[in-house]
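Inside the fold
Spelled out from the first residue to the last, the chains are:
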Amino acid sequence: MADSETEATEAPTMSFDKIVKKEIPSTVVYEDDKVLAFRDIAPQAPTHILIIPKVKDGLSGLSKAEERHVEILGYLLYIAKLVAKQEGLVDGFRIVINDGDDAGQSVYHLHVHLLGGRQMNWPPG
Ligand code: AMP
């Protein structure tokens, strides 16, 4: 479902729709009918993967979540776990969802960052 009114107030940015449609290339590591997981173009860790819903349905960010999104939100985390295992992240991994300007969100299509392959710091920057 489009949410152009909301998006009009958000930072101008590409969405991940073109990646979903394969109009711009990405390195896909997992795909099914609901989600796509692909390597981040500017990795912040040896393993850095983005997991997104294929259908945005208003989820420009987590703060836009509504009750109808509960299933896909849980599914994204489940797939993150599967991909972490697939990537061999047996010593741990970090999940990040940036929301809004203060968090440094730059793409307004909900995405889960899966980071691993190095020791993570806390607190995050
Ligand atoms: P965020 O800052 O949380 O919105 O994360 C957006 C992420 O998307 C950043 O880590 C970018 O490096 C990544 N990114 C932007 N464009 C692409 C692309 N075409 N392919 C893969 N990752 C991308």
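Refer to the structure above for everything that follows.
Calculation notes
- Residues numbered from 1 in each chain as written.
- Predicted model: local features only at pLDDT ≥ 70, side-chain atom pairs only at ≥ 80, totals over all residues.
- Heavy atoms only, no water.
- Helix = DSSP H or I, 4+ residues; strand = E, 2+ residues; numbered from the N terminus.
- Contact = heavy atoms within 4.5 Å.
- Salt bridge = Lys/Arg side-chain N within 4 Å of Asp/Glu carboxyl O.
- Buried < 20%, exposed > 50% of the residue type's maximum accessible area, 1.4 Å probe, protein only.
- Expected span 1.5 Å × (residues − 1).
- Arc of directions from axis to C-beta.
- Phe/Tyr/Trp six-rings, centres within 6.5 Å; stacked < 30°, edge-to-face > 60°.
- Lys NZ or Arg CZ within 6 Å of the ring centre and 35° of its normal.

1. Brief notes about the overall build of the protein chain
Secondary structure assignment for the protein chain yields three helices and five strands. Considering only contacts in the protein chain between residues 6 or more positions apart, those separated by 24 or more positions represent 59%.

2. Some details on the pattern of salt bridges
Using the criterion set out here, one finds six salt bridges in the structure. Here Glu87 makes a salt bridge to Arg39, at a shortest N to O gap of 3.0 Å. With Glu87 in the loop between helix 3 (70-86) and strand 4 (93-96) and Arg39 in strand 2 (residues 35-39), the pair connects residues that are 48 residues apart, well separated along the chain. For Glu87, a relative accessible area of 22% corresponds to the partly exposed category. Here Arg39 falls in the partly exposed class, since its relative accessible area comes to 35%. Within this structure, Lys22, Glu31 and Lys54 form a network of salt bridges that share partners.

3. Some words on helix 3
The terminal C-alpha atoms of helix 3 lie 25 Å apart, and with 17 residues this matches the ideal 24 Å at 1.5 Å per residue to within 8%. Among all positions of helix 3, only Ile72, Leu76, Ile79, Ala80, Val83 and Ala84 are buried. For helix 3, the arc enclosing every buried residue in end-on projection is 140°, short of the 170-degree limit, so these residues lie on one face. Across from the buried face of helix 3, at angles greater than 90 degrees, the exposed residues are Val70, Glu71 and Lys85.

4. Overview of the packing of aromatic side chains
If you walk through the whole model with that rule in mind, you get one aromatic pair. Aromatic side chains Phe16 and Phe38 sit 5.3 Å apart centroid to centroid with 75° between the ring planes, which places their arrangement in the edge-to-face category. Of this pair, Phe16 sits in the loop between helix 1 (4-8) and helix 2 (17-20) while Phe38 sits in strand 2, and the two are 22 residues apart along the sequence. The same class applies to Phe16 and to Phe38, which are both buried. The aromatic ring of Tyr75 is capped on one face by Lys34, whose charged end is 4.6 Å from the ring centroid.

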